[in-house]
Structure formats: structure tokens, C-alpha cells
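Okay, here's what each chain looks like letter by letter:
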Amino acid sequence: MTRIAVVGVGPRGLAVLERVLAWARTGRFAVTVDLYEPAEHLGVGIHGTDQPEYLLLNTVCAQLTAFSDAEMVGDAPTTTGPNLFEWARAHGVRVDGPDGPRAVRWDDHLPRATLGEYLRWAAGTLLEDLPAGVEVRHVRRAVREVRPALHGGRVVLDDEVRDADLVVVTTGHGLAGPEHPYPLPDALEEIAPGARVAVVGTGLTAMDAIAALTVGRGGRHVRAADGTTAYVASGAEPHLVLVNRTGWLPCARPVPQEGRRPDEPRFMREDQLRRVAHGSSGLDLRRDVEPLVEAEMVHVAGESAPDVLRVLHPPTSWPDASSYRAAVRRRAVHDLREARRGLGSSSYKRALEVLRDQRDFLRSAVDAGLSGASRTDFFGRFAATVNRCVIGPQKERIEELLALFDAGVATMAPGPDPAVVRSGDRWALESRRLELPERVEVDVVLRCTSSWPSDDPERDPVVARLRTGTGLEPGRWVSRDGAVVGPDGRATAVVVLGPPCEGVSYYNHYVPSPGSSSRALLDIDRVLATHLPAVPAAVASERPE
Ligand SMILES: Cc1cc2nc3c(=O)[nH]c(=O)nc-3n(C[C@H](O)[C@H](O)[C@H](O)COP(=O)(O)OP(=O)(O)OC[C@H]3O[C@@H](n4cnc5c(N)ncnc54)[C@H](O)[C@@H]3O)c2cc1C
């Protein structure tokens, strides 16, 4: 009997369990699965059910599932089950609408806590119906270390070591979850009402922190019949100064189009990548990859190309702070209008969406090997641009942000990328991109720039030790398929999947979506095909070269 250990059972570990069970139902093998997860409930990970309701998912609910379908995994076996939308509907989940609570719609952004309840339910459902020959145990303990062995791997607990034929490490955001400012709102309790707070970074973490410091402190967003939003302050909120590097706010997620299939790409194609690859020096991001990306976006944008280019290439200097702030507002209003028109009508939003639709092209560029400096540039500047364009908040969050500007609760910093300097026992933001300089004093600097898994051995001892244990440079400690590389340079039977692989491969932070090819699930199938002779490699499809 094959022994599989799964270390960390949040959504990704749950997906590993789902794939093992789907294959085991074909009756081809017997397996013991040990699920190492200190939390009481399996599958939940960082989507704890005790989070405040105002912390919302950035994915619409019909795009999240703990199960599988033929489009996700090709010819491999599937496990039928409801996606989050279907589950929420069946369980009578209601959401706030302008006229009071209403039934869930497929394109709602539900509270993260609701996803947590769904994942917990899904884990229970999978475990209720184990195929013959499968034994699953929940080991409610934190793993200290995982060691590749000659055959298989060793799972090190505080007081014992257990062997397995295959160890899949899915420790995600680590034992303590994402770093400061999480957990919300507790981590921000000490920020006093009226304090001036520089919120550094305006991505999804910042949106969460802003929600915690406003609605989380008793403020209310009131929607009028004409669709405008006004903020009614509670008096307990601080004053927020939003700081980021590029200067623009993130783009709002557009209204999705049901059943939409992205068009075939014209420029962002694997054959184009091969054409521009220059031998062993690797791909150069700016020279080889970005021109293809931009050509695709401009092609899809048609007449709205100038707007798209303005988003991609923000101005680097401004006359003064007020012209900068007015431009940020105008840009956000324009983006919001297009987000409301949605992917069905807005060519501007469809052009930005290219960065999401053609994610596999970007992954292939990373897999094909970016040259050293390009890799750093990709995971820094370029990934931040992608996040700003298509991993933004739901449009209501941007409406609310504009309402906070109007209510005087929030304002933009003095231009893009100001210097953050000490000023006595306070801090100052000093403009660097304004012709007419401005300086803004703040009491607190709140960094909202990282939702990255940590290198900190306290937070994720397993991955930190695996990384340093290989002695290889950061991008090389696991293979393209997630296998930890042994001292002889060969892939071991310890495999790391999900967020800890960010930097080796691209975009590993998500819960799988139904109805389209799922790299998360296909990656797992490929791992199983390598280690379980009964899983045919041909069905667990190849990653494109
Ligand atoms: C604030 C935030 C919001 C997000 N919102 C969304 C969203 O809306 N939609 C979306 O698709 N994605 C979202 N994500 C991305 C997120 O990465 C995925 O949703 C998902 O949580 C990844 O699953 P995971 O199982 O890899 O990691 P996690 O959810 O972090 O789960 C990892 C599990 O491993 C366990 N573990 C860790 N170390 C050990 C150890 N040493 N021993 C044993 N167990 C261990 C942990 O206890 C945890 O249960 C968000 C991420 C963040 C940070």
C-alpha cells in the first residue's frame, strides 16, 4: 500500500486529497493518506470562519470549487460536487443588497468566512465517501521538517519521524497565516481614532485594512438610488493616506460575462515565445515578453487602447499634489464606469483581462526560463502591474474608496512613490515625483505590501528548511513540477505545491475554478502519475513546453 503524506491541509491540500480519491475510485490502487494539519477543520486554511463579514473574496463565488470537472482535468477522473455559488444557494446563504438581504448570485463576492464554511463542508463530504482501499487519517499536529529520503520522504514531528512514499507539502501561507496587518481587525486595534495613517500599498491587503479601519470601526457606506455611495463616519476611524509606487489605484474587477470564453490569443502564444527565445541566456522580460503582452492588449482594446496604455504606463511626474490627486480620481471613475459595463461590453476591461485570460502564457515564459535580472523584474514590477490591472478588488470597494475621499477620511499621498522618512516621533511622506514638492506628516506607517508566504522558519519551518537544505539558489530549489531537488540534482519524492512555489513558477495563490483547465489540479495529477504507477501519465496531461 502506498503511503502519501500531505503536509498542510488548506484549500490546496484538500485539492490533493480530492485528486487522490478521484484516482482511487478507479479501483487501481490502495493508499494511506496522512493529512498533517494542526487546525481542527480540514480544507479551510487561511479562510477562517471567524473572520469579519466585511473581509470579502476577490473571486466571484461561481469561480471557486473544491471539486473537479472534465474541463478542469481533461480525461482524468473527477469528483462531482457543488461550487461555492451552488453550495451557498443550497444552504440559504443571503447577502446584503440595496433593498435588504437577498439570495446569492453567481457573480457575488462572498465573505471569506463563507468560503471557509464551504471548504470545511467539502472536506467532510470527501471524507464521508472514501473508496475501497483508501485509508485517510487527520494528524492534528504541526510538522517541523520534511526530509527527502532515498525512497520517499520523512515527516518530522516534535517527537517522532514518520516515513511516506510521497510527501506533498501544501503549507500555503504558513502556520500563522498571512503577515501583518493580519489577523484583521485585531492587528490594527492600537491605531487610535483620528491618527494619521500612511497605508503603504493599495492592493488587496490594503483594501482589507481600509475596510477594517472604517466599516470595521462602525462607519457605514450608504448607497443612494442613483448608484452613488456616501460614507457615514463613526468617528472611530483614523485618517488614511494612501501610498503606492505607481500612483494609480488598482483597477476594479469588471462585471463578469456568464459563459464567456476568452478569444484565442494572437500574440501571447507559446510559438511566439519560442520564436523570440535567444538560446541559453533565457528570455528577457522587457525585450521578448512584454512587447507580446502589450501587442495583445492593444489588439483587444481597439479604440480604447490609449486608456489601456495609460493604466500600464502611469505618468512618472506631476506638476503638484492636487493635479495628481484629481487625475487618480478621474482614472478611478473611468475604470469604475467600465467595470460596471463589464466584460461583455467594455473593450478596455477585456483588454486588461488579457493578463488574466492568458496567464498560462506568462507562466510559460517563467517556466521557459527568464534571464536572472528578468526573473526579479517579473516577480517585482511586472507581477505588481498584473495585480493592479486584474487582481484588484470588486468594484464596490473602489466606490467605497471614492466615498472615503469625499468624506475626508482618506486621501492620496503627495504623488507616486514618496519617500517615507522619520520626523521626530512621527513619520513624513515627502514627494519625489511632484514639481511642486509636498510633505505630509503621519503617526503610523502601515505596510500592506505583502501577502507572500514567508521565508521565516518560525512561520513555515517546513518550506524554510527545504529551501535552505537544497543549498540551491532561490529559483531552483524545486523543479518545474514542484519536486524538491536532491543533492544529486534529481527530483525527490517531496513535492511542494501552491504559494511557497511563487518565484519558481508564477501565480500559485488561488482556489481552483470550475469549468476551465486547472493548473492546480493538473499539477497534482502529474505528481501522482510520477509516484503511483497506477495513475497513467498520459491522462495526467503534460505541462506545455
Ligand atoms: C488575505 C488573502 C486573501 C485571499 N483571497 C483569495 C480569494 O478571494 N480567492 C482566491 O482564489 N484566493 C485568495 N487568496 C489566495 C490564497 O493563497 C488561496 O485562497 C488559498 O488559501 C491557498 O491555499 P493553500 O492551501 O495553499 O494555503 P493556506 O490557505 O495558507 O493553507 C495552508 C494550510 O497549511 C497548514 N500548515 C502550514 N504549515 C504547516 C505545518 N508546518 N504543518 C502542518 N500544517 C501546516 C496551515 O495550518 C493551513 O491550514 C487570498 C490570500 C490572502 C493572503
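Residues numbered from 1 in each chain as written. Predicted model: local features only at pLDDT ≥ 70, side-chain atom pairs only at ≥ 80, totals over all residues. Heavy atoms only, no water.

Colleague: Any chance you could break down the site of the ligand for me, citing the residues and the numbers?
Modeller: Around the ligand sit 33 residues in total, of which Glu37, His47, Asn58, Thr59 and His173 are the nearest. Take Glu37: an N or O atom from its side chain is 2.7 Å from an oxygen atom of the ligand. Protein burial of the ligand: of its 980 Å² of free accessible surface, 94% is covered by the chains. Across the shell around the ligand, the residue classes tally to 16 nonpolar, 13 polar and 4 charged. (Near = heavy atom within 4 Å. Polar contact = N/O pair within 3.5 Å; in protein donor to acceptor, adjacent residues only side chain to side chain. Areas by Shrake-Rupley, 256 points an atom, 1.4 Å probe, with all protein chains shown as cover. Nonpolar A, V, L, I, M, F, W, Y, C, P; charged D, E, K, R; others polar.)

Colleague: Could you give an account of the packing of aromatic side chains, naming the residues involved and the relevant values?
Modeller: By convention here, two paired aromatic rings are described through the distance between centres and the angle between planes. One pass over the structure, following the stated rule, counts 12 aromatic pairs. Measuring from ring centre to ring centre gives 5.8 Å for Trp248 and Trp318, while their planes differ by 70 degrees; the resulting arrangement is edge-to-face. Linking Trp248 in the loop between strand 13 (239–243) and helix 6 (270–276) with Trp318 in the loop between helix 8 (305–312) and helix 9 (321–345), this pair joins segments that are 70 residues apart in sequence. Each member of the pair, Trp248 together with Trp318, is buried. Aromatic pair Phe378 and Tyr506: ring centres 4.9 Å apart, planes at 90 degrees, arrangement edge-to-face. Residue Phe378 is located in helix 12 (residues 372–390), and its partner Tyr506 is located in the loop between strand 20 (491–496) and helix 15 (519–531); the two are separated by 128 residues in the primary sequence. Residue class for Tyr506 comes out buried when judged on its relative accessible area of 3%. Members of the aromatic cluster, joined through ring pairs, are Phe378, Phe379, Phe382, Tyr506, Tyr507 and Tyr510. If you follow Arg359 out to its NZ or CZ, it ends over the ring of Tyr507, 3.7 Å from the centre. We note Arg422 situated over the ring of Trp427; from NZ or CZ to the ring centre the distance is 4.1 Å. (Phe/Tyr/Trp six-rings, centres within 6.5 Å; stacked < 30°, edge-to-face > 60°. Helix = DSSP H or I, 4+ residues; strand = E, 2+ residues; numbered from the N terminus. Buried < 20%, exposed > 50% of the residue type's maximum accessible area, 1.4 Å probe, protein only. Lys NZ or Arg CZ within 6 Å of the ring centre and 35° of its normal.)

Colleague: Run through the sheet that holds strand 5 (residues 134–139), naming residues and quoting values.
Modeller: Across the sheet, 6 strands lie side by side as 5-2-1-9-20-19; this open sheet has mixed pairing. Only two strands of the sheet have a single neighbouring strand rather than two, namely strand 5 and strand 19 (483–485). This sheet shows a mean twist of 25 degrees between the axes of neighbouring strands, independent of strand direction. Across the sheet, helix 1 (residues 11–24) touches strand 1 (2–7), strand 2 (31–36), strand 5 and strand 9 (166–169), and the angle it forms with strand 2 is around 170 degrees. On top of the sheet, helix 15 reaches strand 1, strand 9 and strand 20; it is set at about 150 degrees to strand 20, its chief contact. (Pairing = 2+ DSSP bridges. Axes fitted to C-alpha atoms, helices over the stretch in contact; angles between N-to-C directions. Contact = heavy atoms within 4.5 Å.)

Colleague: Tell me what's going on with the sheet that holds strand 14 (residues 410–412), and back it up with residues and numbers.
Modeller: Pairing within the open sheet is parallel, and its 4 strands lie in the order 14-13-10-18. Each edge of the open sheet is held by one strand with a lone partner, namely strand 14 and strand 18 (444–447). Averaged over all pairs of adjacent strands, the angle between strand axes in this sheet comes to 25 degrees, irrespective of strand direction. Pairing analysis gives 4 bridges linking strand 10 (residues 196–200) to strand 18, with the strands arranged parallel. Looking at the pairing, Val197 lines up with Val444 of strand 18. Sheet strands touched by helix 5 (residues 204–213): strand 10, strand 13 and strand 18. Its angle to strand 13, the strand with the most contacts, is close to 170 degrees. Where helix 13 (residues 395–406) meets the sheet, it contacts strand 13 and strand 14, and its direction lies at approximately 95 degrees from that of strand 14.

Colleague: Describe the nonpolar core, naming the residues involved and giving the relevant values.
Modeller: Grouped together as the largest cluster of nonpolar side chains are 54 residues, with contacts concentrated most on Leu84 and Leu528. With 8 residues, the single largest contributor to this core is helix 1. Those residues in contact with Leu528 that sit more than four places away from it in its chain are Ile4, Arg19, Val20, Trp23, Leu166 and Val535. Of all hydrophobic cores here, the second largest spans 42 residues; its members include Tyr182, Leu240, Leu242 and Ala410. (Core = buried A, V, L, I, M, F, W, Y, C linked by side-chain atoms within 4.5 Å.)

Colleague: So what's going on with the packing of helix 1 against helix 4 (residues 112–128)? Residues and values would help.
Modeller: The N-to-C vectors of helix 1 and helix 4 enclose an angle of 25 degrees; their axes lie 11 Å apart at closest approach. Here helix 1 lies roughly parallel to helix 4, going by the angle between them. Considering the relative orientation of helix 1 and helix 4, their crossing is left-handed. Residue-level inspection shows Pro11, Leu14, Leu17, Glu18 and Leu21 of helix 1 in contact with helix 4, the latter providing Leu119, Ala122, Ala123, Leu126 and Leu127. Looking at side-chain class alone, the contact of helix 1 with helix 4 contains 9 nonpolar, no polar and 1 charged residues. (Parallel < 35°, antiparallel > 145°, perpendicular 65-115°, else oblique. Left-handed = near helix turned anticlockwise from the far one by under 90°.)

Colleague: Tell me what's going on with the layout of surface pockets, and back it up with residues and numbers.
Modeller: Volume-wise, the second largest pocket comes out at about 1,200 Å³. Together, 37 residues line the second largest pocket, and Leu56, Asp96, Arg223, Glu396 and Glu400 are the ones closest to its centre. Secondary structure elements with two or more residues in the lining of the second largest pocket: strand 3 (94–97), strand 4 (100–103), strand 11 (220–223) and helix 13. Here the lining of the second largest pocket takes 5 residues from helix 13, the largest share from any one element. Here the residues of the lining of the second largest pocket sort into 13 nonpolar, 8 polar and 16 charged. (1 Å grid on protein atoms, 1.4 Å probe; cavity = no way out; pocket = protein on both sides within 12 Å on 5 of 7 lines; lining within 4 Å. Points joined across faces, edges and corners; volume = space filled by probe spheres on them.)

Colleague: Residue-level account of the pattern of salt bridges, with values.
Modeller: On inspection of all chains with the given rule, the structure shows 44 salt bridges. Close ionic contact of Asp443 with Arg426 constitutes a salt bridge, the shortest N to O distance being 2.8 Å. Of this pair, Asp443 sits in the loop between strand 17 (439–442) and strand 18 while Arg426 sits in strand 16 (residues 426–430); the two residues are 17 residues apart in sequence, bridging distant segments of the chain. Residue Arg426 is classed as partly exposed on the basis of its relative accessible area of 26%. Within the structure, one salt-bridge network assembled from shared partners comprises Arg223, Arg340, Arg397, Glu399 and Glu400. (Salt bridge = Lys/Arg side-chain N within 4 Å of Asp/Glu carboxyl O.)

Colleague: With reference to specific residues and values, describe empty space enclosed by the protein.
Modeller: In total, this model carries 4 cavities of 30 Å³ or more according to the counting rule given. Here the second largest cavity is characterised by a volume of approximately 90 Å³. Trp248, Leu249, Pro250, Cys251, Val311, Val328, Arg331, Ala332, Asp335, Tyr348 and Arg388 together form the lining of the second largest cavity. For the lining of the second largest cavity, the per-class residue count stands at 8 nonpolar, no polar and 3 charged.

Colleague: For the confidence of the model for the chain, give the residues involved together with the corresponding values.
Modeller: Residues shown with low pLDDT carry predicted positions that ought not to be read at fine detail. Taken over all residues, the pLDDT of the chain has a mean of 92, while the share at 70 or more is 96%. Among the prediction metrics, the complex's ipTM stands at 0.99, with pTM recorded as 0.94. (pLDDT = per-residue confidence, 0-100.)

Colleague: Any details on the packing of helix 7 (residues 285–301) against helix 10 (residues 347–357)? Residues and values, ideally.
Modeller: As a packed pair, helix 7 and helix 10 sit with axes 8 Å apart at the nearest point and diverge in direction by 155 degrees. Here helix 7 is positioned roughly antiparallel relative to helix 10, judged by the angle of their axes. For the crossing formed where helix 7 meets helix 10, the hand is right-handed. Here Val293, Glu296, Met297, Val300 and Ala301 of helix 7 come into contact with helix 10, specifically with Ser347, Arg350, Ala351, Leu352, Val354 and Leu355. Among the residues making up the contact of helix 7 with helix 10, the classes are represented as 8 nonpolar, 1 polar and 2 charged.

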